[in-house]
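Here's the letter readout for the chains.
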Amino acid sequence: MGEGMQNSRVAGRSAIRFRFRGREVELAAFAPRTTLLDWLRIDQGATGTKEGCAEGDCGACTIVLVRRRGGEVSFAPVNACILLLGQVDGAEIVTVEDLAEGTILHPVQEAMVEAHASQCGFCTPGIVMSLFALHESASVPPARDTIRDQLAGNLCRCTGYRPIVEAAERAGTRAGASPRWWGCDDAGGDLFVGRDEQFFAAPDSIETLAALLVKHPDATLVSGATDVGLWITKGLQDIRKIVWLGRVAGLDAVSDEDGSLKLGAGVTLADALPLLREIHPDLGEVMRRFGSVQVRASGTVGGNLANGSPIGDLAPCLIALGATLELRHGGVTRTLPLEDFFVAYRKQDRRAGEFVTSVTIPKLAASDQFRAYKVTKRLDEDISAVLAAFRFEVVDGRIGRARIAYGGMAGIPARARSAEGFILGARLEDEKSWRGGLTALALDFTPLDDQRASAAYRSLVARNLLKKALMEMRGAPALDLRIAAPRPLSQAASPS
Ligand SMILES: Cc1cc2nc3c(=O)[nH]c(=O)nc-3n(C[C@H](O)[C@H](O)[C@H](O)COP(=O)(O)OP(=O)(O)OC[C@H]3O[C@@H](n4cnc5c(N)ncnc54)[C@H](O)[C@@H]3O)c2cc1C
Ligand code: FES
Ligand code: FES
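In terms of helices and strands, the chain carries 17 helices and 21 strands. Computed over the C-alpha atoms, the radius of gyration of the chain is 24 Å, within 12% of the 23 Å expected from 2.2 N^0.38 for a compact globule of 496 residues. Residues counted as buried form 54% of the 496 residues belonging to the chain. Contacts in the chain between residues at least 24 apart in sequence constitute 66% of all its contacts with a sequence separation of at least 6. When the 58 basic and 60 acidic side-chain charges of the chain are each reduced to a single mean position, those positions are 4 Å apart.

Taken over all residues, the pLDDT of the chain has a mean of 92, while the share at 70 or more is 93%. Here residues 1–10 is modelled with pLDDT under 50, and outside its nearest four sequence neighbours on either side it reaches 29 contacts, counting other chains as well. The model gives residues 483–496 a pLDDT under 50, and that stretch makes two contacts with residues more than four places away or in other chains.

A few words on unusual backbone geometry. You will see that Ala-54, though not glycine, has its phi angle at about 60 degrees, which is positive. With respect to the element layout, Ala-54 can be found in the loop between α2 (36–43) and β4 (62–69). The exposure class of Ala-54 is buried, given its relative accessible area of 10%. You will see that Asp-396, though not glycine, has its phi angle at about 50 degrees, which is positive. Here Asp-396 lies in the loop between β19 (386–395) and β20 (398–407). Its relative accessible area of 78% is what places Asp-396 among the exposed residues.

Now for the sheet that holds strand β14 (residues 332–337). A sheet is described by the order of its strands in space; here five strands give the open sequence β11-β12-β17-β13-β14, paired in antiparallel fashion. Single-partner strands in this sheet number two, and they are β11 (254–257) and β14. For this sheet, the mean inter-axis angle between neighbouring strands, taken without regard to orientation, is 20 degrees. Alignment of β11 against strand β12 (residues 260–264), held across four bridges, turns out to be antiparallel. The residue bridging Glu-257 from the neighbouring strand is Ser-260, located in β12.

Moving on, we get to the environment of Ala-265. Tracing the backbone through its elements, the reader meets Ala-265 in the loop between β12 and α9 (269–279). On the basis of relative accessibility, which here comes to 6%, the residue Ala-265 falls in the buried class. Between the C-alpha atoms of Ala-265 and Val-301, which are 36 residues apart in sequence, the distance is 5.5 Å. With residues near it in sequence (within four places) discarded, Ala-265 still touches Leu-251, Thr-300, Val-301, Gly-302, Gly-303, Val-356, Thr-357 and Ser-358.

Before going further, it helps to spend a moment on helix α10 (residues 281–288). For α10, every residue scored as buried is listed here: Asp-282, Leu-283, Gly-284, Val-286 and Met-287. On its buried face, α10 is in contact with α9, α11 (293–298), α13 (314–321), β18 (368–375) and β19.

Around ligand 1 lies a shell of 36 residues, among which Leu-221, Ser-223, Thr-226, Asp-227 and Thr-300 are the nearest. Interatomic distance of 2.6 Å between a side-chain N/O atom of Thr-226 and an oxygen atom of ligand 1. Protein contacts shield 95% of the accessible area of ligand 1, which totals 980 Å² for the unbound molecule. Counting only elements with at least two residues in the shell around ligand 1, the list comes to β9 (220–222), α8 (228–233), α12 (301–306) and β17 (355–362). Its residues assigned to classes, the shell around ligand 1 comprises 16 nonpolar, eleven polar and nine charged. Here the shell around ligand 1 spans two domains, and each of domain 1 (3–95 + 182–244) and domain 3 (250–478) adds at least three residues to it.

Okay, the side chain of Arg-13 next. By the element assignment, Arg-13 lies in strand β1 (residues 12–13). For Arg-13, the side chain forms a polar contact with the main-chain oxygen of Ala-15, separated by 3.4 Å. Only 2.9 Å separates the side chain of Arg-13 from the backbone oxygen of Gly-188, close enough to count as a polar contact. When near neighbours in sequence (up to four residues on either side) are disregarded, Arg-13 contacts Asp-89, Asp-186, Ala-187, Gly-188, Gly-189, Asp-190, Leu-191, Phe-192 and Arg-247.

Attention now moves to the domain arrangement of the chain. For the chain, the assigned domains are domain 1 (3–95 + 182–244), domain 2 (102–171) and domain 3 (250–478). A straight line from the C-alpha centre of domain 1 to that of domain 3 covers 31 Å. Contacts between the two partners involve 21 residues from domain 1, matched on the other side by 20 residues from domain 3. Both faces considered, domain 1 and domain 3 share a buried interface measuring about 1600 Å² in area, 61% of it formed by carbon and sulfur atoms. On the domain 1 side of the contact with domain 3, Pro-77, Ile-206 and Thr-226 bury the most area, a combined 25% of that side's loss. Summed over the shared surface of domain 1 and domain 3, the number is one salt bridge. Across the salt bridge formed by Arg-328 and Glu-207, the nearest N and O atoms sit 3.8 Å from each other. In this assembly, domain 1 and domain 3 are joined by three residue pairs in polar contact (both at pLDDT 80 or more).

Strand order in the open sheet formed by four strands is β18-β19-β20-β21, with antiparallel pairing between adjacent strands. The strands lining the two open edges of the sheet, one partner per strand, are β18 and β21 (414–415). When β19 meets β20, the two strands line up antiparallel, connected through eight bridges. Residue pairing in the sheet places Val-395 in a bridge with Arg-398 of β20. Along the sheet face, α10 touches β18 and β19 and points at about 20 degrees away from the line of β18. Relative to the sheet, helix α17 (residues 455–474) contacts β18, β19 and β20, its axis offset from that of β18 by approximately 145 degrees.

Criteria and cut-off values
- Residues numbered from 1 in each chain as written.
- Chains lettered and ligands numbered in written order.
- Predicted model: local features only at pLDDT ≥ 70, side-chain atom pairs only at ≥ 80, totals over all residues.
- Heavy atoms only, no water.
- Helix = DSSP H or I, 4+ residues; strand = E, 2+ residues; numbered from the N terminus.
- Rg over C-alpha atoms; globule rule 2.2 N^0.38 Å.
- Buried < 20%, exposed > 50% of the residue type's maximum accessible area, 1.4 Å probe, protein only.
- Contact = heavy atoms within 4.5 Å.
- Lys, Arg positive; Asp, Glu negative; His and termini not counted.
- Charge placed at Lys NZ, Arg CZ, Asp CG, Glu CD.
- pLDDT = per-residue confidence, 0-100.
- Pairing = 2+ DSSP bridges.
- Axes fitted to C-alpha atoms, helices over the stretch in contact; angles between N-to-C directions.
- Near = heavy atom within 4 Å.
- Polar contact = N/O pair within 3.5 Å; in protein donor to acceptor, adjacent residues only side chain to side chain.
- Areas by Shrake-Rupley, 256 points an atom, 1.4 Å probe, with all protein chains shown as cover.
- Nonpolar A, V, L, I, M, F, W, Y, C, P; charged D, E, K, R; others polar.
- Domains from an automatic or database assignment.
- Buried area = accessible area lost by both parts, 1.4 Å probe.
- Salt bridge = Lys/Arg side-chain N within 4 Å of Asp/Glu carboxyl O.

In structure tokens form, the structure reads like this:
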């Protein structure tokens, strides 16, 4: 055990422990930045798991982590290319090589064969693993939309999704508990692999986490690693001190009381999705389109906010709702309005050694109207060009309080304070009274201008989204932002 944790806690472990190929593995020495994919392919020669993009996008590297917690067994499909090896502590790793028993294929593999869905050797292992996770965890045969969502993080470049969806339908679900994959118990205790200059640590309590970060304020915090993983694979950063938050007891706590939802920083995006959808369906849709099943299984609420990206999805939604953030440094806890956390491009109000513990989100009152829209080039698994969120209190047809927040419009996610001022008192029935608010948006932002969208496009979209929200709140049918699918050639107008 390294000195760092010894100072703050006596008991602990100096090796990660997980299950692989039916046996328990302990590793006491590895570079903290090692990805699971490199360990599988280079150290273990397990080349069934492929490397496509090495940035969490294509799904070729999908493996499944089986965890057992409180008697429940979960099957999480994750991108091994951006997952750190240390993050498998307390899990069973299942790769494509594990599914068949001798010559007997797993039902998903069988269905892939029957539906002629195995098209190329790069995508197929990842696709099989995504469908395996669905097969093992779904309690009822999945609907088409569920299957499509499950496959959103597996990019097939030959566009042959129809037989793959058909295979998922044929495979159905496992009835009852799996006899073969039962996960692995977390061995408990603080974990510290390495020495003070280079380590992978995973404290098991908030107190030891706080103490460890006071001692190592320069350590990199890792939650799901869906951002940090890319610093390693694309940024080639040699990160030497890593503190993983995935085992901190209570950091993934959820409480729902007094009209507020409190989400611990470690709550995964997958777990946050249904809770946010309960606040408003638009939040559910933003979350459904957040990354992919793989990204949502690993990525966390705290990571998305702490990352401070100007195009992160949660920040504008939660700023519009009026959320507050809680942070802790050593024994000191403080809270602040979420919008005040974002200071400048990639600069947050967070001192070294401080960490986000939770975010508290006020729910909507009966007089509140809310809308949130994510605009991207591709519908699924794409980062926002613009994300707009609106919370208006509407009394007797007039807007009382207003909170308008955008992502993608500035170097930070931010409120549109001028537009908020001008929209106050506007009557929903009277489009002319919206004009001040729509025009004032130009005072609020100098939008980003990059490969994702031009500044002019973003300004226009931001204005149109405010108008769309007001129209929908007035009672107009919801406008579909999706681009209509091209008509089949047979239906296209014949040339005259
Ligand atoms: C393919 C792909 C698609 C994506 N799609 C989207 C998308 O649609 N929308 C979107 O918003 N993002 C998207 N992302 C980005 C990413 O998934 C999210 O930002 C995610 O929420 C990050 O969470 P994480 O737990 O993985 O963070 P990590 O990568 O672990 O950490 C991110 C940052 O936060 C810090 N950090 C983490 N936890 C804490 C804490 N508790 N306190 C203080 N600092 C902390 C880390 O040090 C790091 O700086 C995508 C990423 C990928 C790879
Ligand atoms: S290799 Fe593309 S998601 Fe991992
Ligand atoms: S299955 Fe690999 S490109 Fe379609």
